[in-house]
Amino acid sequence: MSKKKKVLVLSIMVLVLAVAVVLNFTLLNDGYTDDASTATASFFTTYRETRQSERNQEIMYLDSIIALEGEEYADARQTAIDQKLKLVEVMEKELLLESLLKAKGYEDVVVSVGLTNDNINVVVKCDELTREDTAKIYSTIKDQTNTSSDLVKILSTK
């Protein structure tokens, strides 16, 4: 594989990751309309749909790199395999945390785990987020991920 092709493949992978990060922040900050209950339901639904769509696209790109044949693509294939494994690990962690928090009585929850860092963002649907709620959420995350509290951000929506 020529250096230009390697750079192109890695650039595409970085671009896909950047798009996912931008969408993550955009959805967390702009998912509201005038009707609070509709906005909240819409936020959670939209976020999940967008996240799944972006992840499907990322996996498709990674699969196309993994499918490249030839020894000159060995490094690119290994990088793609490593990134795909990390993505699957993050997806499983998010699903587990969302399920556990819903089981603890929260109506709806979205968890976003960083791909390139240990940050965890949690958005909970509740009228008011108390210290007890925050402690319960953080305890659940800590038990499952061993992440320090300064890397966990907990937000609530009405």
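Below is a short write-up of the structure. (Residues numbered from 1 in each chain as written. Predicted model: local features only at pLDDT ≥ 70, side-chain atom pairs only at ≥ 80, totals over all residues. Heavy atoms only, no water.)

**Here's the deal with the layout of surface pockets**
In this model, the second largest pocket occupies a volume close to 180 Å³. Forming the walls of the second largest pocket are 11 residues, and the residues nearest its centre are Met 13, Leu 17, Glu 58, Gln 83 and Leu 115. Looking at the lining of the second largest pocket, the elements that each hand over two or more residues are helix 1 (3–30), helix 2 (36–66) and helix 3 (74–103). When grouped by side-chain class, the residues that make up the lining of the second largest pocket number 7 nonpolar, 2 polar and 2 charged. (1 Å grid on protein atoms, 1.4 Å probe; cavity = no way out; pocket = protein on both sides within 12 Å on 5 of 7 lines; lining within 4 Å. Points joined across faces, edges and corners; volume = space filled by probe spheres on them. Helix = DSSP H or I, 4+ residues; strand = E, 2+ residues; numbered from the N terminus. Nonpolar A, V, L, I, M, F, W, Y, C, P; charged D, E, K, R; others polar.)

**Regarding the packing of aromatic side chains**
For the structure on display, the rule yields 2 aromatic pairs. Pairing Phe 43 with Phe 44 gives two aromatic rings, centres 5.2 Å apart and planes at 75°, and the pair type is edge-to-face. In this structure an aromatic cluster arises from ring pairing among Phe 43, Phe 44 and Tyr 47. (Phe/Tyr/Trp six-rings, centres within 6.5 Å; stacked < 30°, edge-to-face > 60°.)

**Some points on the pairing of strand 3 (residues 152–157)**
Relative to strand 3, strand 2 (residues 120–125) is paired through 6 bridges, and the arrangement is parallel. Looking across to strand 3, one finds that Val 124 is bridged to Ser 156. The parallel pair strand 2 and strand 3 is bridged by helix 4 (residues 131–145), and the resulting crossover is right-handed. (Pairing = 2+ DSSP bridges. Right-handed = clockwise from strand over helix to strand, strands pointing away.)

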